Amino acid sequence: MALKESLDRFKKQQEMCQKTLSSIKASSSSTPRVTPYNPANAMSAAPAVKFSSDIERLQQINSIRSASAAAQTKRAIDLLKQTRQALTADQINEACYVDVKANKDVFDRLSNNFKVYYDGTRFFYKPKHDLEDKTQLLKLIQDFPEGIAVADLEDAYPSVDHDLKALKAAGEIWLVSNSGSAAEDMAYPNNHRAIEVDDDLKQLFRGIELPRDMIDIEKDLHKNGMKPATNTGKRRAQAQVLDISIKPKQKKKHGISKRTKLTNTHLPELFKDLS
């Protein structure tokens, strides 16, 4: 008896899902005015099938719609970013099974997200910089001589990463990676201009006296927020435990013999040891 009731409930769920699919298909028949929706570019779009023969799809829909509002919103934003098309709520539902209309929390999160523009009918992905190709990308980087964060460029258009590498290979820009640092990776324009440095600045640079002990150098690096590649204090402590004296290698001094080639023959007092 319990099995029969379960089967009856399942058939009713199938009928409701079939009605939902039919309404989605009917509501998406109109052509968008901004950018036509192309299901071939959607994340998980598939031809309409009867849910009675597609239990896995039912389970997938249930899993997606049972997820948190934040997870569903991210899924919809990923779809907009991937397709770069203007999509209605019904088209988003058809493509990735996020029912924006039925879930007010998801609708509010999506329409108010800073990465999404909503015109009252359709949702658009909104990158920080609206670019279309490598030419526009290069022009934007050239407008920022002090550098621009790569993270701000990565979502401009789908092939931006490839174009950044191409511009770097062509010598048009510099890509500076800050691995191991909290700072972001930066892109700088390469203006192909020789940089003139003032003589006073050169003299100031050359006049800086560095500490003679590596421990002092490492302390100065730490003070300036940099991590030294060496740890002299630890190395010296380990050497003391092992009774190893750390001394700089000294070159052997070779005496001067008759076979030595002399260049300062006008200073004979230097060569008293020659016989």
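Residues numbered from 1 in each chain as written. Predicted model: local features only at pLDDT ≥ 70, side-chain atom pairs only at ≥ 80, totals over all residues. Heavy atoms only, no water.

## A few points about the environment of alanine 149
- With respect to the helices and strands, the residue alanine 149 is situated in strand β4 (residues 148-149).
- Since its relative accessible area comes to 7%, alanine 149 is described here as buried.
- Considered as a pair, alanine 149 and alanine 187 are 38 residues apart in the sequence and their alpha carbons are 6.3 Å apart. (Helix = DSSP H or I, 4+ residues; strand = E, 2+ residues; numbered from the N terminus. Buried < 20%, exposed > 50% of the residue type's maximum accessible area, 1.4 Å probe, protein only.)

## Describing the packing of aromatic side chains
- On inspection of all chains with the given rule, the structure shows 4 aromatic pairs.
- When the ring of tyrosine 117 is compared with that of phenylalanine 124, the centres are 5.7 Å apart and the planes differ by 45 degrees; the resulting orientation is tilted.
- With relative accessibility at 46%, the residue tyrosine 117 sits in the partly exposed group.
- On the basis of relative accessibility, which here comes to 18%, the residue phenylalanine 124 falls in the buried class.
- Each ring, one from tyrosine 118 and one from phenylalanine 123, has its centre 4.4 Å from the other, and the planes form 25 degrees; the classification is stacked. (Phe/Tyr/Trp six-rings, centres within 6.5 Å; stacked < 30°, edge-to-face > 60°.)

## Digging into the sheet that holds strand β3 (residues 122-125)
- The 3 strands are arranged β1-β3-β2 in an open sheet whose pairing can be described as antiparallel. Each end of this open sheet is capped by a strand with a single partner; those strands are β1 (87-88) and β2 (116-118).
- Relative to β3, β2 runs antiparallel, the two sharing 3 bridges. Residue tyrosine 117 lies in a different strand from β3, and its bridge partner there is phenylalanine 124. (Pairing = 2+ DSSP bridges.)

## Remarks on the nonpolar core
- Leu80, Ile92, Val98, Val100, Leu110 and Phe123 are the most contacted members of the largest nonpolar core, which totals 20 residues.
- For this core, the secondary-structure elements that each account for two or more residues are α2 (55-66), α3 (69-83), α4 (89-96), α5 (104-111) and β3.
- Excluding residues within four positions of it along the chain, leucine 110 makes contact with Thr73, Ala76, Ile77, Leu80, Ile92, Val100, Val116 and Phe123. (Core = buried A, V, L, I, M, F, W, Y, C linked by side-chain atoms within 4.5 Å. Contact = heavy atoms within 4.5 Å.)

## Some words on the packing of α3 against α5
- Between α3 and α5, the least distance of the axes is 9 Å, while the angle of their chain directions is 45 degrees. Considering their axes alone, α3 and α5 lie oblique with respect to each other. For the pair α3 and α5, the crossing hand works out as right-handed. When α3 is examined against α5, the residues Ala69, Ala70, Gln72, Thr73, Ala76, Ile77 and Leu80 are found in contact with a partner set consisting of Asp105, Val106, Arg109 and Leu110.
- Its residues placed into classes, the contact of α3 with α5 shows 7 nonpolar, 2 polar and 2 charged. (Axes fitted to C-alpha atoms, helices over the stretch in contact; angles between N-to-C directions. Parallel < 35°, antiparallel > 145°, perpendicular 65-115°, else oblique. Left-handed = near helix turned anticlockwise from the far one by under 90°. Nonpolar A, V, L, I, M, F, W, Y, C, P; charged D, E, K, R; others polar.)

## As for the pairing of β3
- Burial along β3 is two-sided: the residues Arg122 and Phe124 and Phe123 and Tyr125 are all buried.
- Note that β1 and β3 share 2 bridges and pair antiparallel. Across the sheet, threonine 88 pairs through a bridge with arginine 122, a residue of β3.
- Count of turn residues in the β2/β3 antiparallel hairpin: 3 residues, of which glycine 120 carries a positive phi of about 100 degrees.

## Points about the pattern of salt bridges
- One pass over the structure, following the stated rule, counts 8 salt bridges.
- Residue lysine 101 pairs with aspartate 90 through a salt bridge whose shortest N-O separation is 3.2 Å. Taken together, the positions of lysine 101 in the loop between α4 and α5 and aspartate 90 in helix α4 put the pair 11 residues apart, joining distant regions of the chain.
- Under the relative-accessibility criterion, lysine 101 is labelled exposed at 60%.
- When its relative accessible area of 13% is taken as the criterion, aspartate 90 is described as buried.
- A salt bridge links lysine 128 to aspartate 152; its shortest N-O distance comes to 3.3 Å. Residue lysine 128 is found in the loop between β3 and α6 (134-142), and its partner aspartate 152 is found in the loop between β4 and α7 (160-169); the two are separated by 24 residues along the sequence.
- The partly exposed category is assigned to aspartate 152, whose relative accessible area is 21%. (Salt bridge = Lys/Arg side-chain N within 4 Å of Asp/Glu carboxyl O.)

## Regarding a nonpolar patch on the surface
- Taken together, the side chains of Ile195, Val197, Leu201 and Leu204 define a hydrophobic patch exposed on the protein surface, amounting to about 430 Å² of accessible area.
- Here leucine 201 shows up in helix α8 (residues 199-206). (Patch = residues over 30% accessible without salt bridge, like charges linked within 9 Å, V, L, I, M, F, W, Y side chains within 5 Å. Areas by Shrake-Rupley, 256 points an atom, 1.4 Å probe, with all protein chains shown as cover.)

## Looking at the sheet that holds strand β5 (residues 173-176)
- Spatially, β4-β6-β5 is the arrangement adopted by the 3 strands of the open sheet, whose pairing is antiparallel. The sheet is open, and its two borders are formed by β4 and β5, each paired with just one other strand.
- With 2 bridges connecting them, β4 and strand β6 (residues 186-189) associate as antiparallel partners. Residue pairing in the sheet places isoleucine 148 in a bridge with alanine 187 of β6.

Shape is all these values report; function is a separate question.
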